[in-house]
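# Survey of secondary and tertiary structure
The primary structure of each chain is shown beneath.
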Amino acid sequence: MEKKHILIGVTGGIAAYKACDLVSTLSKNKNYEIKVMMTKHATEFVSPMSFEALSHNKVETSLFSETNEDPIAHISLASWADICVLVPATANIIAKVVNGIADDMVSTTFLACHTKKMICPAMNTHMYENPVTQQNLQKAIDLGYVIVDPAYGHLACNVDGKGKLAAVKDIVFAIDKELSDPFLKGKNVLISAGPTQEALDPVRFISNHSSGKQGYSIARQAYLAGANVTIVSGPVNQEPIEGVTIVPATSAQSMFEAIKERLEETDYIIMAAAVADYRPEIVADQKIKKHDNTLDVHFVKNPDILAYIGQKKRPNQIVCGFAMETQDLDKNAKEKLEKKNCDMLIANNLFVEGAGFKTDTNVVTLIRKNSLEHLPKLTKIELGLKILKTMKEIEEEVVSC
Ligand code: CTP
């Protein structure tokens, strides 16, 4: 896949140091190449060398530098970029770029860019709230630039208010959104994630180690690909994802109800949740007190949500299940795919290094009705994209049949 080119324009505010973190984070994504340009004032806050080290590319600071190998670097950079992001963007640079002023490397290159443009303001609250800045920001929106709003917080100027640079993860998300291929535009995607908890009494439950990371990673990628995404989520510690609807569900039964309600309107269903197979038959209404040396609990079977979906699904509804195994992975998973009538199944072995519940990576076998693919170790985000792309392929095959 060809790398996307991100041009970061750093301007002179105290938040310039946070742009280092941003460039460092973006550089770790192997689908991105990053270049940085800076205003003279920005170089008072952070040395260009920091950005050169983090981006692995030369940093441009002047239109007229004698050491500049490229005499028209602003034009070369502008045509190289798939997106140009001003971060932090001072009130001054915002005023310049919405009025076509081009008097330094950053403003001139921004004007020459005929691609996506993003502005991440950071400044003193009063400067931010000043009607002139607000008018300029509105003008930027009207010009089609994406604004990543600053946050509330305690600012370097000792004022509490709006003007703090947005969190780096939110800026990364906004850039990812702009650069993603919208191959799921308009699709409704339903994902289950996390564990279920099966109550024993008002203070205790039986559950498993699922963290919800894989399900939430798929949801993030589906949203970036333009889908309308809902997660039916067991109890997890994952951060909500902007733009994704989260429906909480605690037990297998409540997860089943939440999914059944939404099945009709869903195009892609991904059952990444670790649903408890059994629940205590009786939930004590008072805390169970300790008496004997042993405690007998009688369990009854929970509904198999994926099997239900497989029975009810329309031909153009694409269903992906998961299988967590500890032995005979391929054989057991293939049987699960058939038994539950899924279009594909992602199988992993808990005992393989890099796979499992709490890791950021996964090592899986992707099983379809007529094929089986052992994938290399991938991050859960990368695997999320691979799953969605494969579901899209399956859908296209169904449609062309
Ligand atoms: N699943 C489900 N409802 C259940 C149990 C599992 O929908 N009551 C789904 C899971 O979300 C997963 C798939 O079925 O997508 C396989 O789950 P897994 O726990 O690996 O298999 P089980 O069917 O429970 O079989 P076993 O525990 O015997 O391996």
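Residues numbered from 1 in each chain as written. Predicted model: local features only at pLDDT ≥ 70, side-chain atom pairs only at ≥ 80, totals over all residues. Heavy atoms only, no water.

Sheet architecture is open: eight strands sit in the order E13-E12-E9-E14-E17-E18-E20-E21, paired in mixed fashion. Either end of the sheet is taken by a strand with one partner, and the two such strands are strand E13 (245-248) and strand E21 (371-374). Across the sheet, the mean angle from the axis of one strand to that of its neighbour is 15°, orientation sign disregarded. Pairing of strand E20 (residues 364-368) with E21 involves four bridges; the strand directions are antiparallel. Following the sheet pairing, Arg368 is matched in E21 by Ser371. Helix H14 (residues 380-400) rests against strand E14 (268-271), strand E17 (318-325), strand E18 (344-349), E20 and E21 of the sheet, and its axis sits at about 135° to E17. (Pairing = 2+ DSSP bridges. Helix = DSSP H or I, 4+ residues; strand = E, 2+ residues; numbered from the N terminus. Axes fitted to C-alpha atoms, helices over the stretch in contact; angles between N-to-C directions. Contact = heavy atoms within 4.5 Å.)

A word on the domain arrangement of the protein. One can read the domain layout of the protein as domain 1 (4-179) and domain 2 (188-279 + 297-400). If you average the C-alpha positions of domain 1 and of domain 2, the two centres end up 38 Å apart. With five residues of domain 1 at the contact, the number on the domain 2 side is eight residues. Taken together, the two surfaces of domain 1 and domain 2 that pack against each other cover about 630 Å², and 54% of this comes from carbon and sulfur. Per-residue buried area on domain 1 facing domain 2 is highest for Phe173, Asp176 and Lys177; these three make up 76% of the total on that side. The interface formed by domain 1 and domain 2 holds three residue pairs in polar contact (both at pLDDT 80 or more) in total. In terms of residue class, the side of domain 1 that touches domain 2 is built from one nonpolar, no polar and four charged. (Domains from an automatic or database assignment. Buried area = accessible area lost by both parts, 1.4 Å probe. Polar contact = N/O pair within 3.5 Å; in protein donor to acceptor, adjacent residues only side chain to side chain. Nonpolar A, V, L, I, M, F, W, Y, C, P; charged D, E, K, R; others polar.)

Let's shift gears to the packing of aromatic side chains. A full pass over the atoms with the stated rule returns three aromatic pairs. Geometrically, the ring pair formed by Phe110 and Tyr145 is edge-to-face, given 5.3 Å between the ring centres and 90° between the ring planes. Taken as a pair, Phe110 in helix H6 (residues 105-112) and Tyr145 in the loop between helix H8 (131-142) and strand E6 (146-147) lie far apart in primary sequence, 35 residues in all. Considered together, Phe110 and Tyr145 belong to a single accessibility category, that of buried residues. Consider the rings of Phe173 and Tyr223, whose centres lie 5.7 Å apart with planes at 5°: the pair is stacked. Taken together, the residues span a long stretch of sequence, with Phe173 in helix H9 (residues 168-179) and Tyr223 in helix H10 (residues 213-224) at a distance of 50 residues. (Phe/Tyr/Trp six-rings, centres within 6.5 Å; stacked < 30°, edge-to-face > 60°. Buried < 20%, exposed > 50% of the residue type's maximum accessible area, 1.4 Å probe, protein only.)

Around the ligand, the structure places 15 residues, and the nearest of them are Met271, Ala273, Leu306, Lys336 and Lys340. About the coverage of the ligand: the protein hides 77% of its 570 Å² of free accessible area. Counting only elements with at least two residues in the shell around the ligand, the list comes to helix H12 (305-312) and E17. A per-class count over the shell around the ligand returns ten nonpolar, one polar and four charged. (Near = heavy atom within 4 Å. Areas by Shrake-Rupley, 256 points an atom, 1.4 Å probe, with all protein chains shown as cover.)

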